[in-house]
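# Architecture at a glance
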Amino acid sequence: MTSSEINKKIIVLGTGGTMAGLAESNSDNIGYKAAQVGVAQLLEKVPGLAFITANFLLISEQVAQLDSKDMSFLVWKKLAERVNFFLSQPDVQGIVITHGTDTLEETAFFLHAVLPAQQLALKPVVLTCAMRPASSMAPDGPQNIIDAVVVALTPGAFGVVVVCAGTLHGAVDVQKVHPYRLDAFSSGDAGPLGFVEEGVVRLVKNWPLAPVESSEDTINKIAKVDALPRVEIVMNYAGVSGALVDAIVSKDHSFGRDIAPVLGLVVATTGNGTVHSDLEASLISAQNAGIKVVLATRCCLGRILPKSSGPFPDSQGLSPVKARVALMLALLN
C-alpha cells in the first residue's frame, strides 16, 4: 500500500435486488421479497470486508431500493449521475454497485454506453449481485461483494465490469443465462475478462474500453429528459405474424394517449438474422413510417453475420436487450 492510496475512497452504491432480499425462512432461496435491506446494513455483515478495505474509506449510498425486474430509466439516470460524480473525484479509487440479477446486464451496458470514456479509462465501475437473499443460510452476496471490492481495488482496473461467482465479465458481453444457480452469468463465446481467486484478480483479457463517443455531453442529455425514446422488442418464432407491429404503426406508433410513441423496434430474430416473411413485411411498413428497426439474434451465442443486402441493420453483436438500450440512446442523440 502506497501513501497515495491511503484514505482513498471505495464507493458502494446500492440499488436493492436479491442481495438485499429477505424470506421468512433461511432455507427459502426463491420465495423472498427483494430490496429489503439497505446497502449500509449489507456491508456491515460482510466478513472480512473491513480487513481488505483497512487503508481505504468505504462509503455507501442508497441510490435506489427495488427488485431489478422493475428497473426504470429514472433509476438509470440517477445512478449514472452519481457514478459520473464519483468518477470525477480524484480521491475515489473505484465504484461498486449492488444490483439485482434480472436486468443487471442492461444497467451495465447502459453505464458503459453513457459514462464519459475518459473517466472510465481511469477507474473501474463494478456491478455485483446475488442469486440468494440476505436471509439465506448460505447467501452468495457477501462473497460477491468482497470480489467486487477486490476488483475495485486492483491497480490498473478500469471500465464497467460485472462480478458474479468469482467470474469477471465485461458490460458488452455479459448475459444472465440461468434462473437459479449461483454462477448465473456468462459472456458467451467472447469469454470472461478474468476471475477473482483468493482476493486476487486473474485477467485473461484486457479491461474493457468505453465507446469513444461517450462523453459529458451524453450525461448532460440524459439529465435533461425524463424518459428515453421508446423502443420495443419483438420476437421471430414459428407462426409469428406482423399483427403486433401493424398495431404499433396503425396507432400512430402508440398503444394509448398516455404512452409515448414507439420510435424503434428491436427484432429478436431466429438464427443469423432470419425473420418470418409476414413479420418482415410489417417491419418494412414500420420502417417506412419512420420507426427504426434493428435486428439482433435470439441465439445466446454468436452474432448476426450481415449479408451484402437486407432491409434492416443488425445490432453489431449486441443481444436484443442491449440493442434496445443502444437504439434508445441513438434516438436520443
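As a starting point, this report considers the structure included with it. (Residues numbered from 1 in each chain as written. Predicted model: local features only at pLDDT ≥ 70, side-chain atom pairs only at ≥ 80, totals over all residues. Heavy atoms only, no water.)

Scanning the chain for helices and strands turns up ten helices and 13 strands. Taking 20 Å as the expected radius of gyration for a compact globule of 333 residues, we find that the chain reaches 21 Å, a close match to that expectation. A principal-axis box enclosing the C-alpha atoms of the chain has dimensions of 60 × 45 × 40 Å. Burial statistics for the chain: of 333 residues in total, 51% are counted as buried. Nonlocal contacts in the chain, meaning residues at least 24 apart in sequence, comprise 73% of its contacts between residues at least 6 apart. Here the chain carries 25 positive and 30 negative side-chain charges, and the mean point of each set is 2 Å from the other. (Helix = DSSP H or I, 4+ residues; strand = E, 2+ residues; numbered from the N terminus. Rg over C-alpha atoms; globule rule 2.2 N^0.38 Å. Buried < 20%, exposed > 50% of the residue type's maximum accessible area, 1.4 Å probe, protein only. Contact = heavy atoms within 4.5 Å. Lys, Arg positive; Asp, Glu negative; His and termini not counted. Charge placed at Lys NZ, Arg CZ, Asp CG, Glu CD.)

Residues other than glycine seldom take positive phi values, yet E198 does so here, at roughly 50°. One can find E198 in the loop between β9 (194-197) and β10 (200-203). Unusually for a residue other than glycine, Q316 sits at a positive phi of about 60°. Assignment of secondary structure puts Q316 in the loop between β13 (292-297) and α10 (320-332). Residue classification places Q316 among the exposed residues on the basis of a relative accessible area of 56%.

The next thing to look at is the sheet that holds strand β1 (residues 8-16). On the basis of which strands lie adjacent, the open sheet formed by eight strands has the order β2-β1-β3-β4-β5-β6-β9-β10 and mixed pairing. The open sheet has two free edges, formed respectively by β2 (56-66) and β10, since each of these has just one partner strand. When strand polarity is set aside, the average angle formed by the axes of neighbouring strands in this sheet is 25°. Of the pairings in the sheet, the one linking β1 to strand β3 (residues 92-98) comprises six bridges and is parallel in character. Among the inter-strand pairings, L13 is bridged to a residue of β3, identified as I97. Taken strand by strand, helix α6 (residues 141-153) contacts β1, β2, β3, β4 (124-128), β5 (159-164), β6 (167-170), β9 and β10, and its axis lies near 170° from that of β4. (Pairing = 2+ DSSP bridges. Axes fitted to C-alpha atoms, helices over the stretch in contact; angles between N-to-C directions.)

Attention shifts here to the pairing of β1. The buried fraction of β1 is high, at seven of nine residues. In terms of strand pairing, β1 meets β2 through eight bridges, oriented parallel. By the bridge assignment, K8 is partnered in β2 with F56.

The next thing to look at is the layout of surface pockets. Here the largest pocket is characterised by a volume of approximately 480 Å³. Forming the walls of the largest pocket are 26 residues, and the residues nearest its centre are D173, G302, G317, L318 and S319. Looking at the lining of the largest pocket, the elements that each hand over two or more residues are β13 and α10. Per-element tally for the lining of the largest pocket: the top contributor is α10, with three residues. Element by element, the count of residues in the lining of the second largest pocket is highest for helix α4 (residues 104-114), at four residues. Looking at the lining of the second largest pocket residue by residue, the classes come out as eleven nonpolar, four polar and one charged. (1 Å grid on protein atoms, 1.4 Å probe; cavity = no way out; pocket = protein on both sides within 12 Å on 5 of 7 lines; lining within 4 Å. Points joined across faces, edges and corners; volume = space filled by probe spheres on them. Nonpolar A, V, L, I, M, F, W, Y, C, P; charged D, E, K, R; others polar.)

Our next topic: helix α9 (residues 277-288). With twelve residues, α9 extends 17 Å between its outermost C-alpha atoms, agreeing within 8% with the 16 Å of an ideal straight helix rising 1.5 Å per residue. Of the positions making up α9, those classed as buried are L279, S282, L283 and A286. One face of α9 carries all of its buried residues, which in axial projection span an arc of 105°. Pointing more than 90 degrees away from the buried face of α9 are the exposed residues S277 and N288. Looking at the packing, one finds that the buried side of α9 touches β11 (230-235), α8 (243-250), β12 (262-269) and β13. Remark: G290 follows α9 within two positions and exhibits a positive phi of approximately 105°. (Expected span 1.5 Å × (residues − 1). Arc of directions from axis to C-beta.)

This part is about the sheet that holds β12. Reading across the sheet, the three strands line up as β11-β12-β13 and stay open at both edges, with parallel pairing between neighbours. Both outer strands of the open sheet, β11 and β13, are each paired with one neighbouring strand and no more. Averaged over all pairs of adjacent strands, the angle between their axes in this sheet comes to 25°, without regard to strand direction. Direction of pairing for β12 relative to β13: parallel, over a ladder of six bridges.

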